[in-house]
Amino acid sequence: MPPEKNYLRRRRNSLLPLLALMAGGCADPPADLVLVNGTVYTFGSDDGSPVVEALAIRDGAVVAAGDSAAIRRLADAGTRMLDLEGATAIPGLSDAHAHLFNLGRSLSWADLRGTRSAAEAVERTAALAAELPDGSWLRGRGWDQNDWDPPAYPDRRLLDAAFGDRPVYLERIDGHAGWASSAALAAAGIDADTPDPEGGEILRDPQTGEPTGILIDAAENLVRAVIPKPTATDLDRQLAAAAAKAVSHGLVGVHEMGVTLEELAALQRADAGGTLPLRVVAYLGGAPALENYQGSPVRPDAESLLRLEGVKYYADGALGSRGAALKADYSDRPGHRGLLIQSHAELTLRVKAAVDRGFSVAVHAIGDEGNHVALDAIQQGHGAALADHGEVPAITEARHRIEHVQVVDPAEFGRFAELGVIPSMQPTHCTSDMPWAPDRLGPERVKGAYAWREFLDRNLILPLGSDFPVEQVSPLFGLYAAVTRQTPDGQPPGGWSPEHRLTRAEAVLGFTAWAGEAAGVPQWGRLRSGDRADVTVFDGDPMTVAPAELLELDVRTVIVDGRITFP
Ligand SMILES: [Zn+2]
C-alpha cells in the first residue's frame, strides 16, 4: 500500500475559484435556485471562508457565490429565489457513520420508555398500530414494570383486549423480558404444556398454569423466532421514515455502516424511484453480504445519491460492556482484556476478499488491541490483494477506514498516516463514554482515548458521525460534543481532555468535506463553484454561536444536489 495518499491529506487552503459575476452580457443560462440575504460559509478554505451573502445553483451544482445583488443577476423569471432572511447556510452536513435501517426499525416500534402504567404502554402501542399495515406484528420496547403502578408484570389479556388477534410483542427496557399477546404466543406454539427452555422462563398463572404472556431471557427466542422478517415493503417504509427524520435534522447524507442485500435493494429502489431525500454511501454488512453480493462497488459521478463503497467488518466489541479488545487488562477488571470478534488471520483474509473485488473496508475497532489488529489486517490484506492484482486503480483507490478508533496505543497513531487509513470517529460516543472510560482504561491508557487531535496533528482527515440510532440523529449534538467535549448540560467544566477539542471549522469539516473525502467525492461538503449544491440552513450561525446554543439551532432548509428536501 503506498505510503502516502492524496485524498487523506487535508486540503490545503485553496482559493475559491474566482467567479465571473459580470453584470450583463453573460451567456450562461440562468440559475435554477438562488439563496440571498444570508451568511453563507463556502468552505473554499478550511476556516470556512470565503463567507458570502448569496449562492447560485444550476443543475445541482454551485455556479456562483457572492453578494446578494450580484447573485440576483444570475436569476430570471424561472429561477426559484430563497430569501435566507439573515439565516446561515453551511455545506450540507453528512453523518459519516450511521444506521438508517436500524433507525427505521426503531421508528416502527412503540417507544415504551417512561410509561407509568401497563395501560399507558398499551395506549402508545395503539397509536403506532394505526400507522402500520393491518394485521402486522406490533413491536415495542422500553417498559419497566418497576416504574408502574402497581409495579407488577403485565398480562397478555390487556394486549388481547386492545388488539384482538393481532400479534403483539413488547420488550422490557433491558431486552431480557418480553410481553406477548395471546396471538403472539399462539404463533410461537407456546401454551400451558410448553416446558421452560434452558436459560429461560415462561411465566404462568399459578391457578390455571396458562402462560401470562411474560417471557424471560431464552423463552423470548420462542417468539422472536416466528416474527416475520421485514418484507421489501417494510424496508421501503422504514428507509423512508428514517431518511425523512435524518433530513429534518439537517443531514444531506449518511454513510450507512453495514447493509444486508435486502436493505441495499431498498436503497436502490428509493434511488431509482427518485424518493431518496439524501445521499447514502453504503457499506455491505460483513462477509455474508459480500459473499452473496454478485457485483462490484458502485461509484457513480458526484451528482448520484447512492454509492456502494465498501464492506463493514468488526475487529472487536464495545468498551462499555468490556468487549473492546485491549492490549493489557481492563483497569476495572483484572485478568480481562475483552475479545476479538475474529482472529487476526481471519480479519486479514476478509479484508483481502473485499479489496480483491475493489471494495474499501470500514473496520469497527474500539480497543487498542482491536485497532492494532485492524491496522495490521488492512495493511496485510490490502498488501496481499495488491500483490495478486498489481497496481490497478480499483485497488490503489480503495479508501480504508477504521470506525470508532476509540482507544489507540500512542505508538500506533503514526500508522494511520503511514498506511493511509482514515479514522472515522463519533464525538458523542466520547461524551457518552467519558464518565466511565477512565475506570475501564486507567490514567495512562486513557490519554490515547478519543484522541482527535492526534489525527489532526498528523494532517489526517477526521470524518465525524453519530452512530445513530445509538446516539441522537441530529448532527448538532456531534458538533457540540466535538467543540466542547462536554455533556449537553455542560459537564465537566472546561471539557474532558480539552486539548482534543476541535475548532468550530474542524467540527463542521468532519461532518462535511472530510465525510465527502472519506467517500471519495471531493465535490461534496464544500460550496465552491463546481461543487455539488448540498446545503444546510440554520436559523442561527453554527460557526459563531455560544457552544450551548448549538443545541438550540433550528434547521430551516436542507438542499441536496440543488433540490430542497426539507421542509
Ligand atoms: Zn455503528
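Residues numbered from 1 in each chain as written. Predicted model: local features only at pLDDT ≥ 70, side-chain atom pairs only at ≥ 80, totals over all residues. Heavy atoms only, no water.

### Section: the overall build of the protein
Note the following rule: Each helix corresponds to a stretch of at least 4 residues labelled H or I by DSSP, and each strand to a stretch of at least 2 residues labelled E; elements are numbered beginning at the N terminus. Radius of gyration here uses only the C-alpha atoms, and the compact-globule reference equals 2.2 Å multiplied by the residue count raised to the power 0.38. In this scheme, a residue with accessible area under 20% of its type's maximum is buried, one over 50% is exposed, and one in between is partly exposed, where area comes from a 1.4 Å probe on protein chains only. In this analysis, two residues are considered to be in contact whenever any of their non-hydrogen atoms come within 4.5 Å of each other. Only the protein chains shown count as cover for residues, with accessible areas throughout obtained via the Shrake-Rupley method and a probe of 1.4 Å.
Scanning the protein from N- to C-terminus turns up 20 helices and 23 strands. On C-alpha atoms alone, the protein measures out to a radius of gyration of 25 Å, which is about the 24 Å that the 2.2 N^0.38 rule sets for 567 residues. Its C-alpha atoms put the protein at 90 × 55 × 50 Å along the principal axes. When burial is assessed residue by residue, the protein has 56% of its 567 residues classed as buried. Considering only contacts within the protein whose residues lie at least 6 apart along the sequence, 73% involve residues at least 24 apart. Total accessible area on the protein stands at roughly 22,300 Å², and carbon and sulfur atoms take up 51% of it.

### Digging into the coordination of the zinc ion
The condition that has to hold: We call an atom a donor if it is N, O or S and sits within 2.8 Å of the metal, or 3.2 Å for Na, K and Ca. Water is not counted, so some sites may look partial.
For the zinc ion, the full set of protein donor atoms is His 97 (NE2), His 99 (NE2) and Asp 467 (OD), and the range of their distances to it is 2.1 to 2.2 Å. For the zinc ion, the single-chain donor residues occur in sequence as H-x1-H-x367-D. Highlighted residues: His 99 in the loop between β8 (93-98) and α2 (100-107) and Asp 467 in the loop between α16 (452-456) and α17 (475-484), separated in sequence by 368 residues. Its relative accessible area of 10% is what places His 99 among the buried residues.

### Quick look at the packing of helix α7 (residues 232-248) against helix α8 (residues 261-272)
Convention followed: Helix axes are fitted to C-alpha atoms over the stretch in contact, other axes to C-alpha atoms as well, and angles between N-to-C directions run from 0 to 180 degrees. Crossings are assigned a handedness: left-handed for a near helix turned anticlockwise from the far helix by less than a right angle, right-handed for a clockwise turn. Throughout, the ten residues Ala, Val, Leu, Ile, Met, Phe, Trp, Tyr, Cys and Pro are labelled nonpolar, Asp, Glu, Lys and Arg are labelled charged, and all others, Gly among them, are labelled polar.
Between α7 and α8, the least distance of the axes is 9 Å, while the angle of their chain directions is 65°. Viewed along their axes, α7 and α8 form a crossing whose handedness is right-handed. On α8, the residues touching Ala 232, Leu 235, Asp 236 and Leu 239 of α7 are Glu 262, Glu 263, Ala 266, Leu 267, Arg 269 and Ala 270. Looking at the contact of α7 with α8 residue by residue, the classes come out as six nonpolar, no polar and four charged.

### Thoughts on the domain arrangement of the protein
Note on interface size: it is often stated as the accessible area lost on association of the parts. Short version of the rule: For the domains described, the bounds stem from an automatic or database domain assignment.
Looking at the protein, the domain boundaries give domain 1 (138-224) and domain 2 (232-566). Relative placement of domain 1 and domain 2: their C-alpha centres are 38 Å apart.

### Comments concerning the pattern of salt bridges
Convention followed: In the sections that follow, a salt bridge refers to a side-chain nitrogen of Lys or Arg positioned within 4 Å of a carboxyl oxygen of Asp or Glu.
Applying the stated rule across the entire model yields 33 salt bridges. Residues participating in the shared-partner salt-bridge network are Arg 139, Arg 141, Glu 171, Glu 220 and Arg 224.

### Overview of a negative patch on the surface
Applicable threshold: Exposure above 30% relative accessible area and the lack of any salt bridge qualify a residue for a patch; like charges then connect within 9 Å, and the nonpolar side chains Val, Leu, Ile, Met, Phe, Trp and Tyr within 5 Å. Here Asp and Glu are counted as negative and Lys and Arg as positive; His is not counted, and neither are the chain ends. All charge positions are set by atom: Lys at NZ, Arg at CZ, Asp at CG, Glu at CD.
On the surface, a cluster of negative charge is contributed by Asp 32, Asp 59, Asp 301 and Glu 303. With respect to the helices, strands and loops of the structure, Glu 303 is situated in the loop between α9 (286-292) and β17 (306-314). Residue Glu 303 is classed as partly exposed on the basis of its relative accessible area, which comes to 44%.

### Quick word on the sheet that holds strand β16 (residues 279-285)
Let me state the cut-off plainly: Note on pairing: two strands pair once DSSP finds at least 2 bridges between them.
The seven strands are arranged β8-β15-β16-β17-β18-β19-β20 in an open sheet whose pairing can be described as parallel. If you trace the sheet from one side to the other, it starts and ends with β8 and β20 (422-424), each paired once. With direction set aside, neighbouring strand axes in the sheet form an average angle of 25°. The sheet contact formed by β16 and β17 spans six bridges and is parallel. Residue pairing in the sheet places Tyr 283 in a bridge with Gly 310 of β17. Against the sheet, helix α11 (residues 368-389) engages β18 (360-365) and β19 (401-404), with an angle of about 165° to β18.

### A word on unusual backbone geometry
For the bond running from Ser 49 to Pro 50, omega is -5°, close enough to zero to count as cis. Within the fold, Pro 50 resides in the loop between β2 (39-41) and β3 (51-52). Residue Asp 149 is joined to Pro 150 through a cis peptide bond whose omega torsion reads 0°. Here Pro 150 shows up in the loop between β10 (138-143) and α4 (156-163). A positive phi is found at Asp 467, a non-glycine position, where the angle reads about 65°. On the basis of relative accessible area, Asp 467 is assigned to the buried category, the value being 9%.

### Concerning the environment of Val 508
Considering the arrangement of structural elements, one finds Val 508 in helix α18 (residues 504-510). C-alpha of Val 508 to C-alpha of Pro 542: the two residues are 34 residues apart in sequence and 8.8 Å apart in space. Ignoring any residue separated from it by four or fewer positions in sequence, one finds Val 508 in contact with Phe 43, Ile 90, Leu 479 and Met 543.

### Re α17
Of all 10 residues in α17, nine are buried; the element is thus mostly enclosed. Those residues of α17 that fall on the buried side of the exposure criterion are Pro 475, Leu 476, Gly 478, Leu 479, Tyr 480, Ala 481, Ala 482, Val 483 and Thr 484. Of the residues flanking the end of α17, it is Arg 485, one or two places downstream, whose phi is positive at about 50°.

### Brief notes about the packing of aromatic side chains
For clarity, the cut-off: The rule is short: rings of Phe, Tyr and Trp, with Trp giving its six-membered ring, pair when the centres are within 6.5 Å, and they are stacked under 30 degrees, edge-to-face over 60, tilted in between.
One pass over the full model with this rule turns up eight aromatic pairs. Here the aromatic rings of Tyr 293 and Phe 359 are separated by 6.2 Å at their centres, their planes lie at 75°, and the arrangement is edge-to-face. In this pair, Tyr 293 sits in the loop between α9 and β17 while Phe 359 sits in the loop between α10 (344-356) and β18, placing the two residues 66 residues apart along the sequence. Comparing Tyr 293 with Phe 359, the two get one shared label, buried. Judged by centre distance (5.3 Å) and plane angle (75°), the rings of Phe 413 and Phe 455 are edge-to-face.

### A look at the sheet that holds strand β9 (residues 110-111)
Across the sheet, which stays open at both edges, the six strands sit in the order β9-β10-β11-β12-β14-β13 with mixed pairing between neighbours. Looking along the sheet, the strands with just one partner apiece sit at the ends: β9 and β13 (200-204). Contacting β10, β11 (168-172), β12 (177-180) and β14 (211-217), α4 crosses the sheet at an angle of about 45° to β12.

### What about the pairing of β13?
Bridge count between β13 and β14: four bridges; the pairing is antiparallel. Its bridge partner being in β14, Ile 202 is matched across the sheet by Leu 215. In this structure, the hairpin formed by β13 and β14 is closed by a connection of six residues, where Gly 209 is found at a positive phi of approximately 80°.

### Regarding the environment of Ile 341
By secondary structure assignment, the location of Ile 341 is in the loop between β17 and α10. Residues Ile 341 and Leu 84, spaced 257 residues apart in sequence, show a C-alpha to C-alpha distance of 50 Å. Each residue touching Ile 341, except ones within four places of it in the same chain, is listed here: Tyr 314, Ala 315, Asp 316 and Gly 317.

### Some points on helix α3 (residues 118-129)
Which entries qualify depends on this criterion: Given a helix with a known number of residues, its expected span is that number minus one, times 1.5 Å. This arc corresponds to the set of directions leading from the helix axis out to the C-beta atoms.
The end-to-end C-alpha distance of α3 is 16 Å, a good match for the 16 Å that 12 residues give at a rise of 1.5 Å each. Here α3 has its buried residues at Ala 118, Ala 121, Val 122, Thr 125, Leu 128 and Ala 129. End-on view of α3: buried residues confined to an arc of 120°, all on one side of the axis. Residues of α3 that are buried in the fold lie against α2, β9, β10, α4, β11 and β12.

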